[in-house]
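Observations on chain architecture
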Protein chains: 2
Amino acid sequence: MSNQQDTPVILADQVQTTLTYLEPLSRKAFLALVPPSSLNNRADVDQVRQQLENMFNPVRIPLALMSKIPDLCRSSEWQITATLAETGLGWELIEIEPGNRTQEQFGLAVDIGTTTVVVYLINLCNGDILGHAADYNGQISLGEDILSRIRQAAEPGGIKRLQTLILDTLNRLIRSVCSSLIKPSQITAAAIGANTTMIHLLLGLDPASICRAPYTPIVNNPGLIPAGELGLEIHPLAPIYCLPSIGSYLGGDVIGGVLVSGMHKKSDVSLFVDIGTNGEIVMGNEEWLVACAGAAGPALEGGVTTFGMRAEPGAVDHVVIDGESGGVRYTTIGDKPARGICGSGLVDILAELFLKGIIDRTAHFTEGREEFVIVPAGETAMGKDIVVNQIDINNFMATKGAVNSATDLLLENVGCPWQDIGNFYAAGAFGQYLPVESAVTIGLYPDLPRTSIIRLGNSSGEAARQVLISRTKRKEAEAIASKVTYFELNANSSFMEKFVSSKFLPHTELDRYPSVKKKLESRLNFSMDAL
Amino acid sequence: MSNQQDTPVILADQVQTTLTYLEPLSRKAFLALVPPSSLNNRADVDQVRQQLENMFNPVRIPLALMSKIPDLCRSSEWQITATLAETGLGWELIEIEPGNRTQEQFGLAVDIGTTTVVVYLINLCNGDILGHAADYNGQISLGEDILSRIRQAAEPGGIKRLQTLILDTLNRLIRSVCSSLIKPSQITAAAIGANTTMIHLLLGLDPASICRAPYTPIVNNPGLIPAGELGLEIHPLAPIYCLPSIGSYLGGDVIGGVLVSGMHKKSDVSLFVDIGTNGEIVMGNEEWLVACAGAAGPALEGGVTTFGMRAEPGAVDHVVIDGESGGVRYTTIGDKPARGICGSGLVDILAELFLKGIIDRTAHFTEGREEFVIVPAGETAMGKDIVVNQIDINNFMATKGAVNSATDLLLENVGCPWQDIGNFYAAGAFGQYLPVESAVTIGLYPDLPRTSIIRLGNSSGEAARQVLISRTKRKEAEAIASKVTYFELNANSSFMEKFVSSKFLPHTELDRYPSVKKKLESRLNFSMDAL
């Protein structure tokens with residue numbers, strides 16, 4: 001996977017203004033102890049506990065460490081470093097080292113996607129990302145999407161098998177990100193952003209109820225779990241925090257996205273959209289938050305079009321069509337011969353086809369055309385034309401229509417006019433790679449001043465980093481989770497009505513897209529209002 | 001071991017007045033949950049947590065139990081019983097059961113003596129003792145006294161070997177006390193009273209520093225340890241609380257004795273004495289507490305006299321000597337033919353010898369006698385006279401003299417006149433079996449109004465029972481431990497002076513023993529003051 005793809009965008013205004021000091025899940029403390037004498041014959045463990053409890057009160061000391069304290073104190077001239085970890089109830093001593101090691105504190109921020117897993121090695125002294133590693137989720141071998149994973153979990157031994165696959169992926173990535181820098185056992189805390197099903201499978205919990213009425217997961221907020229209890233190969237007593245979910249379809253990855261956006265602290269209304277294999281929409285401000293979710297289909301991951309492909313070398317990622325000649329200029333990832341079209345390429349293509357009048361507002365080819373050649377056979381890797389046809393466009397329009405309909409339904413239900421939306425946050429790949437102008441042109445992004453369109457990158461991974469290093473952020477994430485009102489789309493008949501009537505470019509109501517309207521007018525050289 | 005020997009004396013005024021409600025180390029809660037529906041689709045684990053956190057906040061739920069909650073809820077019609085345990089930081093869910101099982105809550109109170117181990121099965125619903133079992137400490141096979149155990153621990157693998165021996169003893173006693181009543185895994189909490197060395201060996205901690213300057217143990221207050229971490233075969237997550245010690249020579253058994261006596265809450269000065277293999281003395285009131293300790297020798301356990309034996313069948317336990325004829329009447333334990341003399345028998349013998357003028361105030365035989373026959377050969381099991389000789393008496397007087405000297409030294413150091421001592425608490429075997437009048441006569445007990453001489457029985461076991469069922473008592477025990485000033489006898493030269501000059505019956509200062517003085521006068525028919 002490319003480097004660019006995995007680097008989270010850190011929103012400086014969010015992180016730096018609120019994290020005035022770090023409160024990571026594990027912390028180190030240097031202790032200068034006094035050797036016992038006839039004047040001061042405190043027991044070694046009691047002395048360690050007393051010093052720690054001046055900083056962290058109370059502190060639990062596991063039996064296994066009690067027996068190590070006397071020898072370590074004597075061999076290190078009574079100068080030791082204690083590592084403490086949050087247990088959810090209070091602090092536990094999890095490691096002791098000789099001398100002052102307080103400058104070496106490491107944590108792990110993890111984003112477990114249904115498709116892709118990314119781990120970030122974090123310096124807990126300052127929150128910096130020291131390195132990252134990414135790979136496909138090993139569970140893919142048992143099924144590409146969430147539903148097929150849940151089906152696999154229902155097989156005998158299925159839950160254990162799926163848990164082992166994701167743990168294997170994570171443990172391999174941990175070894176990779178640590179490489180020669182540190183030993184994995186030096187990682188003393190981890191935080192994870194993932195959807196509800198991925199969390200269940202990681203924890204070895206049965207996900208069956210997630211896709212069965214009344215769609216209740218086993219747990220939304222698992223609390224802190226020691227790594228050793230789970231099988232994650234970092235320090236066995238390292239606490240693992242999972243960003244809380246609020247239900248089967250709205251996971252910690254989305255709560256994390258909201259956290260990273262900061263929309264829950266703004267007075268004007270924001271719209272948060274993440275479209276991956278599933279789509280999630282959150283809308284709201286400092287007073288209220290509503291959300292909905294649904295299967296989006298892999299429209300933006302290249303799955304629904306004839307020549308769709310992931311954003312890998314040879315994927316057409318940017319396209320311009322000459323309005324006069326119909327000639328196409330394109331670029332591919334890695335400048336390799338074209339093999340297919342990735343999400344950003346498709347968004348460009350649809351925007352260009354629309355702006356140049358090759359498809360109309362209903363997204364149908366004009367002039368009886370059945371397909372449009374993007375790359376002629378001679379320039380492709382396969383020696384075959386790369387085209388977009390009407391079915392490709394229809395499939396894409398279903399995803400786009402669902403996003404528009406769901407947004408409109410949320411707006412209607414909270415009685416908020418669309419003009420009130422002040423900020424748009426695009427998360428994940430949906431936010432990171434799509435060309436903004438084209439996404440607005442086809443109505444995937446709202447037509448806001450471009451400074452109000454904010455792309456969050458891997459907000460799930462970034463949220464994991466933030467909660468790893470900040471207790472305040474953990475409390476904030478939990479407050480967001482308890483504040484969001486979930487809106488069930490499938491239970492709502494007006495969603496289907498809206499969905500059916502929403503398949504227009506850029507939107508059923510063109511007035512919501514003034515910049516697109518202006519572009520169309522400049523092409524057609526007259527006012528659309530006259531139509 | 002006999003039944004009588006192991007039943008702790010419960011001081012009603014202590015327990016019933018302060019334990020207005022029970023706060024045991026583990027507690028059960030019945031939860032009536034709501035099956036999830038489209039109107040209320042809270043996750044199962046979250047619902048359990050919310051109900052628990054209304055009572056115990058916050059609560060940690062281990063991963064292993066999360067996965068059991070959904071099935072148990074469904075199979076028990078959403079009526080479940082949760083067991084929670086104190087972790088030292090807060091509450092942890094340690095067990096879930098179907099239906100309402102709140103009436104079945106079991107704990108273990110343990111007294112680990114250097115010689116004898118007693119376990120009590122406690123009903124955590126009301127604090128009652130449901131049963132008890134006792135046996136010798138399995139470590140005896142490696143050494144009879146504390147010093148020989150510490151020496152054994154220094155051998156390769158010694159600590160582990162000693163730990164295994166005591167765990168084996170405990171686990172055998174646990175199975176025995178549970179017998180057909182309950183399964184050991186139904187015991188969800190335990191509390192232990194023991195001396196500092198026994199606690200170290202139980203926890204697998206090196207006791208070497210206990211007998212090496214500056215005599216600092218590894219730990220005085222180990223906090224709560226899960227049974228599974230230790231190897232105690234009750235519920236693996238059951239918390240184990242060890243009564244805190246205050247140093248190498250003053251363990252949780254003594255702190256527990258003070259707790260049970262209640263002397264730390266009285267306005268007048270009390271004297272607490274426990275004489276076993278070691279001797280400990282605590283003196284004080286609600287404002288101050290001072291203590292000292294030392295090896296006492298097994299004077300009262302039958303170890304120092306020619307015919308000394310433990311309080312087992314055939315031991316002479318009570319003796320009366322006819323002042324006129326010198327004839328002896330005696331009883332034996334179990335009415336078996338006499339085999340030897342146990343502690344209570346010896347105390348009776350010395351008192352009778354003294355009162356009848358057969359030994360003088362310096363504890364020497366009068367009239368050139370060298371020994372005194374207690375049981376003639378024909379009545380004994382061995383067909384040999386059971387006698388007490390001058391060496392036996394001298395050995396016993398060393399122990400008694402040490403107790404008197406230490407008490408006097410404590411009084412002197414806190415500037416408290418002996419007349420101020422209002423209560424005397426005698427702990428352990430020293431308190432439970434000795435004949436009060438004889439013990440006063442020879443100066444082992446002070447000459448107080450007999451209602452102020454209180455025998456605590458197995459106060460270490462009773463203290464364990466109290467802290468097991470009461471958080472308030474745990475805090476009290478810790479407050480006692482932090483309040484006691486330890487007084488080092490060996491560092492004090494005036495102790496030896498006092499010791500040398502203290503070998504009188506009943507005491508160097510006869511005026512401290514008015515009732516004994518009166519008995520002597522009535523025998524001699526004149527006033528001792530005239531001497």
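If you're wondering where the values come from, they're calculated on a predicted model, not measured in any experiment.

So, about the UniProt feature "domain: RACo-like middle region" (unreviewed entry) in chain A. UniProt records the feature "domain: RACo-like middle region" (unreviewed entry) for residues 106-266 of chain A in the present numbering. This span, residues 106-266 of chain A, is 32% helix and 24% strand, and a straight line between its end C-alpha atoms measures 32 Å.

Turning next to the sheet that holds strand E2 (residues 59-60) of chain A. Residues and elements named next belong to chain A. With respect to topology, 4 strands assemble into an open sheet ordered E1-E3-E4-E2, the strand pairing being mixed. Edge positions in the sheet fall to strand E1 (26-32) and E2, since each of these pairs with one other strand and no more. The sheet contact formed by E2 and strand E4 (residues 91-98) spans 2 bridges and is parallel. Of the residues in E4, the one forming a bridge with Val 59 is Trp 91. Contacting E1, E2, strand E3 (79-86) and E4, helix H3 (residues 44-55) crosses the sheet at an angle of about 125 degrees to E1.

Moving on, we come to H3(A). An ideal rise of 1.5 Å per residue puts 16 Å on 12 residues; H3(A) measures up with 18 Å between its terminal C-alpha atoms. Turning to H3(A), its buried residues are Asp44(A), Val45(A), Asp46(A), Gln47(A), Val48(A), Arg49(A) and Leu52(A).

All names here are of chain B. Taking strand neighbours across the sheet as the criterion, the 3 strands line up as E15-E14-E16 in an open arrangement whose pairing is mixed. This sheet does not close on itself; its edge strands, each paired only once, are strand E15 (328-332) and strand E16 (340-341). In this sheet, E15 lies alongside strand E14 (residues 315-321) in antiparallel orientation, the contact comprising 5 bridges. Its bridge partner lying in E15, His 318 is registered against Thr 331. Helix H11 (residues 343-355) contacts E14 and E16 of the sheet and is inclined by roughly 15 degrees relative to E14.

Per the UniProt record, "domain: RACo linker region" (unreviewed entry) is annotated on residues 22-103 of chain A. Helix makes up 28% of residues 22-103 of chain A and strand 30%. Its end C-alpha atoms lie 14 Å apart.

In this assembly, 41 residues from chain B lie in contact with 40 residues from chain A. Together chain B and chain A conceal approximately 3,000 Å² of surface at their shared face, both sides included; 63% is due to carbon and sulfur atoms. Of all residues in chain B, Arg60(B), Leu63(B) and Leu89(B) bury the most surface against chain A, accounting for 25% of the area lost on that side. Connecting chain B to chain A are 18 residue pairs in polar contact (both at pLDDT 80 or more).

Take unusual backbone geometry next. That bond from Asn57(A) to Pro58(A) is cis: its omega, -5 degrees, falls within 30 degrees of zero. Within the secondary structure, Pro58(A) sits in the loop between H3 and E2. Of note, the amide linkage connecting Leu505(A) to Pro506(A) takes the cis form, showing an omega dihedral of -10 degrees. Mapped onto the fold, Pro506(A) is located in the loop between helix H17 (493-500) and helix H18 (514-524). The backbone phi angle of Trp78(B) is positive, close to 65 degrees, even though this residue is not glycine. Along the chain, Trp78(B) turns up in the loop between helix H5 (69-75) and strand E3 (79-86).

Once that is clear, we can look at empty space enclosed by the protein. In this approach a probe as big as a water molecule rolls over the atoms, and the regions it shows empty are the leftover space. Across all of its chains, the model carries 2 cavities of 30 Å³ or more by this definition. A volume near 50 Å³ is recorded for the largest cavity. For the largest cavity, the full set of lining residues is Ala194(B), Asn195(B), Thr196(B), Ile199(B), His200(B), Val219(B), Asn220(B), Pro222(B), Leu243(B), Ser245(B) and Gly252(B). Among the elements that line the lining of the largest cavity, the one with the most residues is helix H8 (residues 196-203) of chain B, at 3 residues. In this model, the second largest cavity occupies a volume close to 30 Å³. For the second largest cavity, the full set of lining residues is Ile199(A), His200(A), Val219(A), Asn220(A), Pro222(A), Cys242(A), Leu243(A) and Ser245(A). Classifying every residue of the lining of the second largest cavity by side-chain character gives 5 nonpolar, 3 polar and no charged.

Quick reminder: α-helices carry 3.6 residues per turn. Residues three or four places apart thus point the same way. Residues and elements named next belong to chain A. Of all 8 residues that make up helix H8 (residues 196-203), 8 are buried, and the element is covered over most of its length. By the burial criterion, the buried members of H8 are Thr 196, Thr 197, Met 198, Ile 199, His 200, Leu 201, Leu 202 and Leu 203. Sitting at the head of H8, Asn 195 places a side-chain oxygen 3.1 Å from the backbone nitrogen of Thr 197. In the segment just after H8, Gly 204 is the residue with positive phi, at about 75 degrees.

So, on to the relation of the copies chain B and chain A. There are two copies of the chain, and a rotation about an axis plus a shift along that axis relates them. The transformation that overlays chain B on chain A combines an axial shift of 0.0 Å with a rotation of 180 degrees, and the residual RMSD is 0.1 Å. Taken together, the turn and the small shift mark the pair as related by a two-fold rotation axis. Within chain B, the C-alpha atom positioned nearest to the axis of rotation is that of Leu89(B), 2.8 Å from it. Both copies present the same face, since 98% of the interface residues in chain B are matched by interface residues at the equivalent positions in chain A.

What follows covers the packing of aromatic side chains. All names here are of chain A. All told, the structure shown has 6 aromatic pairs over all chains when counted by the stated rule. Considering the side-chain rings of Phe 56 and Trp 91, the 5.0 Å spacing of their centres and the 65 degrees angle between planes classify their relative orientation as edge-to-face. Here the residue Phe 56 occupies a position in the loop between H3 and E2, and Trp 91 occupies one in strand E4, the gap between them amounting to 35 residues. For the pair Phe 56 and Trp 91, a shared accessibility class is recorded, and that class is buried. Ring geometry for Phe 424 versus Tyr 445: centroids 5.0 Å apart, planes at 50 degrees, classification tilted. Placement of the pair is Phe 424 in strand E19 (residues 421-427) and Tyr 445 in the loop between helix H14 (436-441) and strand E20 (453-457), with a sequence separation of 21 residues. Residue class for Phe 424 comes out buried when judged on its relative accessible area of 1%. Taking the relative accessible area as the measure of exposure, Tyr 445 reaches 0% and is therefore buried.

This part takes up the domain arrangement of chain A. Each domain of chain A was delimited in the assignment, giving domain 1 (3-17 + 104-252), domain 2 (25-98), domain 3 (262-298 + 396-524) and domain 4 (308-387). Relative placement of domain 1 of chain A and domain 4 of chain A: their C-alpha centres are 36 Å apart.

Below, the discussion takes up the pattern of salt bridges. Tallied over the entire structure, the rule returns 44 salt bridges over all chains. As a salt-bridge pair, Lys265(B) and Glu476(B) come within 3.4 Å of each other at their nearest N and O atoms. With a gap of 211 residues between them, Lys265(B) in the loop between helix H10 (252-261) and strand E11 (269-275) and Glu476(B) in helix H16 (residues 471-483) connect regions that are remote in the sequence. With a relative accessible area of 13%, Glu476(B) lands in the buried category. Several salt bridges share partner residues, and in doing so they unite Lys28(A), Glu97(A), Arg101(A) and Glu104(A) into one network.

For the rest of this paragraph, the subject is the nonpolar core. One finds Ile112(A) and Leu93(B) to be the most contacted residues of the largest nonpolar core, which totals 64 residues. For Ile112(A), the contacting residues outside a window of four places in its chain are Val117(A), Asn137(A), Ile166(A), Leu170(A), Ile192(A), Gly193(A), Ala194(A), Asn195(A), Met198(A) and Leu202(A). Core analysis: the second largest hydrophobic core is formed by 63 residues, Leu72(A), Val219(B), Ile225(B) and Ala238(B) among them.

Another aspect to go through is the packing of H10(B) against H16(B). Residues and elements named next belong to chain B. It is the contact of H10 with H16, at a shortest axis distance of 9 Å, that shows an interaxial angle of 115 degrees. Here H10 and H16 pass one another in a crossing that is right-handed. Of the residues in H16, those touching H10 at Ile 255, Val 258 and Leu 259 are Lys 473, Glu 476, Ala 477, Ile 480 and Ala 481. Considering only residue class, the contact of H10 with H16 consists of 6 nonpolar, no polar and 2 charged.

Parameters at a glance
Residues numbered from 1 in each chain as written. Chains lettered and ligands numbered in written order. Predicted model: local features only at pLDDT ≥ 70, side-chain atom pairs only at ≥ 80, totals over all residues. Heavy atoms only, no water. UniProt positions renumbered as here; feature names shortened; annotations may be inferred. Helix = DSSP H or I, 4+ residues; strand = E, 2+ residues; numbered from the N terminus. Pairing = 2+ DSSP bridges. Contact = heavy atoms within 4.5 Å. Axes fitted to C-alpha atoms, helices over the stretch in contact; angles between N-to-C directions. Expected span 1.5 Å × (residues − 1). Buried < 20%, exposed > 50% of the residue type's maximum accessible area, 1.4 Å probe, protein only. Buried area = accessible area lost by both parts, 1.4 Å probe. Polar contact = N/O pair within 3.5 Å; in protein donor to acceptor, adjacent residues only side chain to side chain. 1 Å grid on protein atoms, 1.4 Å probe; cavity = no way out; pocket = protein on both sides within 12 Å on 5 of 7 lines; lining within 4 Å. Points joined across faces, edges and corners; volume = space filled by probe spheres on them. Nonpolar A, V, L, I, M, F, W, Y, C, P; charged D, E, K, R; others polar. Least-squares fit on C-alpha atoms with pLDDT ≥ 70 in both. Phe/Tyr/Trp six-rings, centres within 6.5 Å; stacked < 30°, edge-to-face > 60°. Domains from an automatic or database assignment. Salt bridge = Lys/Arg side-chain N within 4 Å of Asp/Glu carboxyl O. Core = buried A, V, L, I, M, F, W, Y, C linked by side-chain atoms within 4.5 Å. Left-handed = near helix turned anticlockwise from the far one by under 90°.

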